[in-house]
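Letter by letter, the chains look like this.
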Amino acid sequence: MITEPSQKESGSTLVLALIIVGISFVVVGSYVGLALNRNKVAMHSMAWNQAMAVAEAGVEEGLAQIQYSITPTNGWSGAGGVYSLARNSPFGGTNSHFAVNFTSADPPVITSTGYVRAPLLSGYIKRVVRVTTVKGTNQFPYGIRAKGTITISGSSILDSFDSSDTNYSINGMYTPLRHKDNIYVASQSGASKAVQVGTGKIFGYVETSAGTVTVGSSGVVGDNNYASNSLNAGTIQMSPVYHALTNYNKDVVDVSLPSGILTNALSPPLPGTHWVNGTNYTYALGNGTYNNLASLTIPGGGSMVVTGNATLYVPGSFTLSGSGFVYLAPGSTFSLYVGTTNVSGNDSITISGGGVANGTGVASSFAVFGLPSVKTATYSGSAAFIGTSDAPEASTTLSGSAMGVG
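Residues numbered from 1 in each chain as written. Predicted model: local features only at pLDDT ≥ 70, side-chain atom pairs only at ≥ 80, totals over all residues. Heavy atoms only, no water.

**Q** Please explain the overall build of the chain as it appears in this structure.
**A** Within the chain, the regular secondary structure consists of 2 helices and 33 strands. The burial tally for the chain puts 43% of its 406 residues in the buried class. Relative to all contacts within the chain whose residues are 6 or more apart in sequence, the contacts with residues 24 or more apart total 52%. On the chain, roughly 19,600 Å² of surface is accessible, and the fraction owed to carbon and sulfur atoms is 57%. (Helix = DSSP H or I, 4+ residues; strand = E, 2+ residues; numbered from the N terminus. Buried < 20%, exposed > 50% of the residue type's maximum accessible area, 1.4 Å probe, protein only. Contact = heavy atoms within 4.5 Å. Areas by Shrake-Rupley, 256 points an atom, 1.4 Å probe, with all protein chains shown as cover.)

**Q** What exactly am I supposed to notice about the side chain of serine 160 here?
**A** Tracing the backbone shows serine 160 in the loop between β8 (157-159) and β9 (183-187). Residue serine 160 is classed as buried on the basis of its relative accessible area of 2%. A polar contact is formed between the side chain of serine 160 and the side chain of asparagine 182, at a distance of 2.8 Å. (Polar contact = N/O pair within 3.5 Å; in protein donor to acceptor, adjacent residues only side chain to side chain.)

**Q** Is there a simple way to explain the pattern of salt bridges in this structure?
**A** Two side chains bearing opposite charge may form a pair once their charged atoms approach each other closely. Under the defined criterion, the tally for this structure stands at 3 salt bridges. Its salt-bridge partner being arginine 87, residue glutamate 61 comes within 2.8 Å of it at the nearest N-O pair. Of this pair, glutamate 61 sits in helix α1 (residues 7-68) while arginine 87 sits in strand β2 (residues 82-88), and the two are 26 residues apart along the sequence. Taking the relative accessible area as the measure of exposure, arginine 87 reaches 32% and is therefore partly exposed. Across the salt bridge formed by glutamate 393 and lysine 147, the nearest N and O atoms sit 3.1 Å from each other. With glutamate 393 in the loop between β31 (388-390) and β32 (395-398) and lysine 147 in the loop between β6 (144-146) and β7 (150-152), this residue pair connects regions lying 246 residues apart in the sequence. Owing to a relative accessible area of 23%, glutamate 393 belongs among the partly exposed residues under this scheme. (Salt bridge = Lys/Arg side-chain N within 4 Å of Asp/Glu carboxyl O.)

**Q** Mind showing me how you'd approach the environment of leucine 158 here?
**A** Here leucine 158 is to be found in strand β8. Separated by 24 residues in the primary sequence, leucine 158 and asparagine 182 have C-alpha atoms spaced 9.9 Å apart.

**Q** Can you walk me through the side chain of histidine 243 in this structure?
**A** Here histidine 243 shows up in the loop between β14 (235-236) and β15 (244-245). Ignoring any residue separated from it by four or fewer positions in sequence, one finds histidine 243 in contact with Gly204, Tyr205, Val206, Val221, Gly222, Asp223, Ile236 and Gln237.

**Q** How do you make sense of the nonpolar core when you look at a structure like this?
**A** Note on soluble globular proteins: their nonpolar side chains tend to be buried together. Counting residues in hydrophobic clusters, the biggest one holds 44 residues, and the most contacted among them are Ile202, Met304, Leu312, Val326 and Phe334. Ignoring sequence-local partners within four residues, the contact set of leucine 312 consists of Pro269, Leu285, Tyr290, Asn292, Leu296, Met304, Phe334, Ser335, Leu336 and Tyr337. Among the nonpolar cores identified, the runner-up in size contains 15 residues, and Ala51, Val54, Ile110 and Ala118 belong to it. (Core = buried A, V, L, I, M, F, W, Y, C linked by side-chain atoms within 4.5 Å.)

**Q** Hey, could you run me through the confidence of the model for the chain in this one?
**A** For the chain, per-residue confidence averages 81 on the pLDDT scale, and residues scoring 70 or more make up 82% of the total. Of all the helices and strands in the chain, strand β33 (residues 403-405) carries the lowest mean pLDDT, 49, while strand β21 (residues 303-306) carries the highest, 95. (pLDDT = per-residue confidence, 0-100.)

**Q** I tried to follow the packing of aromatic side chains on my own but got confused; where do I start?
**A** Working definition: an aromatic ring pair is given by the centre-to-centre distance plus the angle between the planes. Tallied over the entire structure, the rule returns 6 aromatic pairs. Three or more aromatic residues link up through ring pairs in this structure, and these residues are Trp76, Tyr83 and Phe102. (Phe/Tyr/Trp six-rings, centres within 6.5 Å; stacked < 30°, edge-to-face > 60°.)

**Q** Quick question: what am I supposed to make of the sheet that holds β21 here?
**A** Think of a sheet as strands paired side by side through backbone hydrogen bonds, with each pair either parallel or antiparallel. Across the sheet, 4 strands lie side by side as β18-β21-β24-β27; this open sheet has parallel pairing. The open sheet terminates on both sides in strands that have one partner only, identified here as β18 (283-285) and β27 (355-358). Across this sheet, the average inter-strand angle for adjacent strands is 15°, counted without regard to direction. With 4 bridges connecting them, strand β24 (residues 325-328) and β27 associate as parallel partners. Each bridged residue has a counterpart across the sheet, and for valine 326 the counterpart in β27 is valine 356. (Pairing = 2+ DSSP bridges. Axes fitted to C-alpha atoms, helices over the stretch in contact; angles between N-to-C directions.)

**Q** How do you make sense of the pairing of strand β26 (residues 347-351) when you look at a structure like this?
**A** With 4 of 5 residues buried, β26 lies mostly within the body of the structure. Pairing geometry for strand β23 (residues 318-320) and β26, over 3 bridges, is parallel. Each bridged residue has a counterpart across the sheet, and for threonine 319 the counterpart in β26 is threonine 350. Sheet analysis places β26 next to strand β29 (residues 374-379), joined by 5 bridges and oriented parallel. The residue of β29 that forms the bridge with isoleucine 351 is tyrosine 379.

**Q** What exactly am I supposed to notice about the sheet that holds β32 here?
**A** Reading across the sheet, the 8 strands line up as β12-β10-β7-β32-β29-β26-β23-β20 and stay open at both edges, with parallel pairing between neighbours. If you trace the sheet from one side to the other, it starts and ends with β12 (213-214) and β20 (296-298), each paired once. The pairing of β29 with β32 spans 4 bridges and is parallel. Within β32, the residue paired with tyrosine 379 across the bridge is leucine 398.

**Q** What am I meant to see in unusual backbone geometry here?
**A** Across the junction of serine 239 and proline 240, the peptide omega takes the value 0°, indicating a cis bond. Considering the arrangement of structural elements, one finds proline 240 in the loop between β14 and β15. Unlike most non-glycine residues, asparagine 277 shows phi in positive territory, near 50°. Considering the arrangement of structural elements, one finds asparagine 277 in the loop between β16 (274-276) and β17 (279-281). Since its relative accessible area comes to 81%, asparagine 277 is described here as exposed. Residue leucine 293 is not a glycine yet carries a positive backbone phi of 75°. Of note, leucine 293 is situated in the loop between β19 (288-291) and β20. Look at leucine 293 and you get exposed, because its relative accessible area is 60%.

Take a look at the structure:
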């Protein structure tokens, strides 16, 4: 005989079923919540890592601007000795941006903050990177700089180019047809004629600490369009940017010899017969450091070839005269150190006649350094000077039809 369950038993069964369903909902809800939290943590971690990459992009912008110019250009603004830039979406998209600034201290300090939109939230995750820069031991972002005066005369031209950009070079080589206009000529002098442009042309900028810049009747300082216009002869470009700056605030540190240049030097270059690619040179430098032990003069009829990564130290004066010349073969580098640490010395660097033919076409491949005893640095003649010159204690003169390319 079948009996119907009592109302009490039916109610107990219903309650038990409801409890089981409730527990199931709690378990499923907990699992879904855990999965959502795990997904949120993963997305948060990804955004956290992305914010660091965005901040580093800001650091790169700061380093590029310091290399190009300490003054506010390329979208940077400046106030109170701090230069700032903000950029949205550095890697595309719309969910990230950075704010970067650097101080005008020497050396500058860069602070960059990267922002990435927080996942499932309305705010941003941010990471901050602070970089204290250091001075380089070799090249610097100047074509010419000196503590003393700089004089340019004749039809001298100071120019610049970019070996990595086909818009501003041909196969990485300098050509006046594709030059840039951002060479900097800097003098720490506060004299009334700290930089005398004379009748030369500077496709770029002149910087002094407090001294004045003078320009002769056919001289000019400015960008490509301005300096190439004969109507602007005898002037300095004023707009949209003034090209004669008086805010040079870096301490020009005297040149010192690299570590090991004396102890690791090879024998001094000796005159003789050195055939390289069918040409006979008086001196030949390969890979390594050479110590000349005294002054070195390469007169008319003399020559020097550099075929490797060479450093030459001349503790006296260095002179190229007459038809004498130095040739840097493609792929080589040449660093020339002249003088001693004797501040009261009276050594000199004179490059005239055939000059230095930089066959690499790259300014960073050739550098001239004048130690404190060097009091005059002169470049004249007709050969283009493709390189950099750092002789802080020397009065620097470019004359004749010399061309300086940095």
